[in-house]
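# Per-entry structural report
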Amino acid sequence: MLDLVLAGGELVLPDTGVVRGSVGIKDGRIAAIAEAGETLTAAETIDCRDKWVMPGLIDPHTHIGFGAKELDFETEARSAAIGGVTSLLTFHRSPDLRQSTPEWIAEGETRSCIDFGLHFGLTSKLHIDTLVETAQRFGVTSFKVYLMYKGAAGAAKGFTEIDDGLLYRTLLQARQVPGGVVGVHCENVEVIPVFRGPLKEAGRDDLAAWDEQSPDFLEAENVSRVIYFGAKAECPVNIVHLSSAEGLEIVRRHRLFHRNPVTIETCAHYLCMTRDDPAGIVAKVNPPLRRKADCDALWEGVRDGAIVTVGSDHVPRKRATKGPDLWGASAGFPGLATLLPLLIEDGYYDRGIPLERIAAVTSLNVAKLYGLRGKGAIAVGNDADLVVVDPHTIRMVDHAELASHSDYTPVQGRMLRGWPVHTLSRGRHLLADGHLTEAALTAPAGRYLRRG
Ligand SMILES: [Zn+2]
């Protein structure tokens, strides 16, 4: 006897299509998939007529710990569940990863109601020297290098060892890790001051000035260098949070002539927001929001498969950090809860992006890229990580309903269609009829996703 059946929904199969059917769950896994007309019996049945049943989202890009460090796993995982996100990958950075990682994993296992994995942020020679060791010990196969923190910009943040040599060493080490992939933040931070100085002097304090101080070609230049190094070092490279049409074009051209794997991640805000957004400096983020033409190009990348994953770059800080002006405001904002509704509204409804593409970039492709076994697809034997979406529910985004530590959202007040009504993590109800469950609130059971 099955534990639970999601009955008669529109099953969204990543990269394949949408078919009517039912999903049976037992012991936290998908145990049966029935075609339309077939009936599955279980202890509990949820009627999913006129609803979409999608694989739970896997957010590949979050910063758990940037809000209230100790409590973030608790609050942000709940916010994720509201948005249909059933797994997340978060960046972990510390002077010595060997010492800090066990504690951080324990923190997540105690507090998170969804499953989680780590990317290691690499900022020093010690990190590179211990990369293979830490990768094996903690089951981490993805690493991030922050070209934004080179030179003077890095020194201001306490990083003194980030340069192209460190990047290249990372590539050489990471390729020794089975499934290893290096993600790179691409912005040419040495050129930024050329633009920033005059903009500040001119008294600019608008969001568009943030784009002008780090224009698209500074991202594209870094992208170009990184993927060229990746080819020479024979290491898979992942361009994280790609923001510009110019950067996308560089990767498209590279793929014509090189065979080394280059994947691209973008974020919901680069698809759905521009530098002219009414949110103003609250929407300051690195890389900056661009123009509508960039959104258009990135959506085409999602449609044709050039863009492989879409994340939130969730940063759960308080609104008070968004000041006193553009230059002093913190970068980044929360996005876990609104990731899927934004993609549905702007992608599916406005641009006709097929649902199976949206599912691919938010689940299956993430699972494949990062080696998350049993995740990312509606398939027998997989973890029962599922989200039931009501495509017709129209809701105005209100940060107060998103359960994050942060007390704002850059998309406050937007009307979005398509919100999760049920979220299941390994068969456990986290969201039921649109509300966080007792289990999500009081009995978090998220697991650490060991990879490799
Ligand atoms: Zn970054």
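Residues numbered from 1 in each chain as written. Predicted model: local features only at pLDDT ≥ 70, side-chain atom pairs only at ≥ 80, totals over all residues. Heavy atoms only, no water.

In the nomenclature of an unreviewed UniProt entry, the chain is known as D-hydantoinase of Rhodoplanes serenus.

## Some remarks on the overall build of the chain
Rules: Strands here are runs of E lasting at least two residues and helices are runs of H or I lasting at least four, both read from the DSSP assignment and numbered beginning at the N terminus. Between the two quantities, the radius of gyration covers C-alpha atoms and the globule rule is 2.2 Å times the number of residues to the power 0.38. Under the scheme applied here, a residue whose accessible area is under 20% of the maximum for its type counts as buried, over 50% as exposed, and between as partly exposed, the area being computed with a 1.4 Å probe on protein chains only. Here, two residues are considered to be in contact whenever any of their heavy atoms come within 4.5 Å of each other. Accessible surface area values rest on a Shrake-Rupley calculation with a 1.4 Å probe, where residue burial reflects the displayed protein chains alone. Positive charges come from Lys and Arg, negative ones from Asp and Glu, while His and the chain ends are left out of the count. The atoms used to mark charge sites are NZ of Lys, CZ of Arg, CG of Asp and CD of Glu.
Of regular secondary structure, the chain possesses 15 helices and 17 strands. Rg of the C-alpha trace for the chain: 21 Å, near the compact-globule value of 22 Å for 452 residues, within the 12% margin. For the C-alpha atoms alone, the extent of the chain along its principal axes is close to 65 × 45 × 45 Å. By residue count, 61% of the 452 residues in the chain fall in the buried class. Within the chain, contacts between residues separated by at least 24 positions form 75% of all contacts whose residues are at least 6 apart in sequence. Carbon together with sulfur atoms contributes 51% to the accessible area of the chain, which is approximately 16800 Å² in total. Treating the 49 positive side-chain charges of the chain as one cloud and the 58 negative ones as another, the clouds have centres 4 Å apart.

## What about the pattern of salt bridges?
Put simply, the rule is: Take a side-chain nitrogen of Lys or Arg and a carboxyl oxygen of Asp or Glu: if they are within 4 Å of each other, that pair is a salt bridge.
Overall, the coordinates contain 28 salt bridges when judged by the stated rule. Of the charged contacts, one joins D115 and K375 as a salt bridge, the two residues approaching to 2.6 Å between their closest N and O atoms. Placement of the pair is D115 in strand β8 (residues 115–122) and K375 in the loop between α14 (355–369) and β14 (386–396), with a sequence separation of 260 residues. According to the relative accessible area criterion, D115 is buried, its value standing at 1%. Classification of K375 as buried rests on a relative accessible area of 6%.

## A closer look at the UniProt feature "domain: Amidohydrolase-related" (unreviewed entry) in the chain
Test applied: UniProt positions are given in the numbering used here, feature names are shortened, and annotations may be inferred rather than shown by experiment.
Per the UniProt record, "domain: Amidohydrolase-related" (unreviewed entry) is annotated on residues 279–428. Between the end C-alpha atoms of residues 279–428 there is a gap of 36 Å, over a span that is 27% helix and 17% strand.

## Quick notes on the packing of aromatic side chains
Applied cut-off: Here a pair means two rings of Phe, Tyr or Trp (six-membered ring of Trp) with centres within 6.5 Å. Their orientation is stacked below 30 degrees between planes, edge-to-face above 60, and tilted elsewhere. We count a charge as sitting over a ring when the NZ of a lysine or the CZ of an arginine lies within 6 Å of the ring centre and within 35 degrees of the ring normal.
The full count for this structure, using the stated rule, is eleven aromatic pairs. Arranged with centres 5.1 Å apart and planes meeting at 80 degrees, the rings of W52 and Y348 form a pair that is edge-to-face. Here W52 is found in strand β5 (residues 52–55), whereas its partner Y348 is found in helix α13 (residues 339–351), with 296 residues between them in sequence. Ring geometry for Y146 and Y149: centres 5.6 Å apart, planes at 20 degrees, overall stacked. The exposure class assigned to Y149 is buried, which follows from its relative accessible area of 16%. Clustering of aromatic rings is evident, with ring pairs tying together F73, W104, F116 and Y448. Above the face of the W104 ring, K69 is positioned so that its terminal group lies 4.8 Å from the ring centre.

## Some details on the pairing of strand β12 (residues 262–267)
A regular strand places its side chains so that they alternate between the two faces of the sheet. Note the following rule: Strand pairing is defined by DSSP finding a minimum of two bridges between the two strands.
The element β12 is extensively covered by neighbouring structure, given that six of its six residues are classed as buried. Strand direction decides the pairing type here: strand β11 (residues 237–239) and β12, joined by three bridges, are parallel. In the strand pairing of β12, V237 is matched with V262. Of the strand pairs in this sheet, β12 and strand β13 (residues 309–311) are connected by three bridges, and their pairing is parallel. The residue of β13 that forms the bridge with C267 is G311.

## Regarding the coordination of the zinc ion
Where a metal carries four tetrahedral donors, each ideal angle is 109.5 degrees; where it carries six octahedral donors, the ideal angles are 90 or 180 degrees. Stated precisely, the cut-off is as follows: In this description, a donor is an N, O or S atom within 2.8 Å of the metal centre, a cutoff extended to 3.2 Å for sodium, potassium and calcium. Water is not part of the atom list, which can make sites seem incomplete.
At this site the zinc ion is bound by K144 (NZ), H185 (ND1) and H241 (NE2), with donor distances of 2.1 to 2.2 Å. Sequence spacing among the residues donating to the zinc ion works out to K-x40-H-x55-H. Note that K144 is positioned in strand β9 (residues 142–146) and H185 in strand β10 (residues 181–185), a separation of 41 residues in sequence. Side by side, K144 and H185 carry an identical accessibility label, which is buried.

## Looking at the sheet that holds β11
Test applied: The axes are straight lines fitted to the C-alpha atoms, using for helices just the contacting stretch, and the angles between their N-to-C directions are given from 0 to 180°.
Read across the open sheet, the eight strands follow the order β6-β7-β8-β9-β10-β11-β12-β13; overall the sheet is parallel. Strands with a single pairing partner mark the edges of an open sheet, and in this sheet they are β6 (57–62) and β13. Strand-to-strand twist across the sheet, computed as the mean angle between neighbouring axes with direction ignored, equals 30 degrees. With four bridges connecting them, β6 and strand β7 (residues 85–92) associate as parallel partners. In the sheet register, L57 faces β7, and the bridge partner there is V85. Helix α2 (residues 97–111) rests against β7 and β8 of the sheet, and its axis sits at about 155 degrees to β8. In the packing of helix α9 (residues 216–233) onto the sheet, contacts are made with β10, β11 and β12, and the angle to β11 comes to roughly 165 degrees.

## Structural notes on the nonpolar core
Cut-off, in case you're wondering: As used in this record, nonpolar core signifies buried Ala, Val, Leu, Ile, Met, Phe, Trp, Tyr and Cys residues forming a set joined through side-chain atoms within 4.5 Å. Start and end points for every domain follow an automatic or database-based domain assignment.
Ranked by internal contacts, the top residues of the largest apolar core, which has 100 residues, are F143 and I239. If you tally residues by element for this core, the top one is α9, at six residues. Viewed by domain, this core spans two of them, domain 1 (2–52 + 383–442) and domain 2 (56–369), each represented by three or more residues. Ranked by size, the runner-up nonpolar core spans 15 residues in total, among them L6, L11, I378 and A384.

## Here we look at the packing of helix α12 (residues 292–304) against α13
Rules: If an angle is under 35 degrees, it is roughly parallel; if it is over 145, roughly antiparallel; if it lies from 65 to 115, roughly perpendicular; otherwise it is oblique. Amino acids outside the nonpolar list (Ala, Val, Leu, Ile, Met, Phe, Trp, Tyr, Cys, Pro) and the charged list (Asp, Glu, Lys, Arg) are all regarded as polar, and Gly is one of them.
Here α12 crosses α13 at 85 degrees, and the two axes come no closer than 12 Å. Taken together, the axis directions place α12 and α13 in an arrangement best described as roughly perpendicular. Between α12, through C295, D296, W299 and R303, and α13, the contact on the second element is made entirely by L343, D346, G347 and R351. The residue inventory of the contact of α12 with α13, partitioned by class, reads three nonpolar, one polar and four charged.

## Structural notes on the domain arrangement of the chain
What counts, and what does not: Note on definitions: buried area is the accessible-area loss of two parts on being combined, 1.4 Å probe, summed for both.
Taken domain by domain, the chain consists of domain 1 (2–52 + 383–442) and domain 2 (56–369). Just the C-alpha atoms count here: the centres of domain 1 and domain 2 sit 27 Å apart. Counting residues at the interface gives 42 residues for domain 1, matched by 51 residues for domain 2. Of the roughly 3800 Å² buried between domain 1 and domain 2 on both sides combined, carbon and sulfur atoms contribute 62%. For the interface between domain 1 and domain 2, the tally reads five salt bridges.

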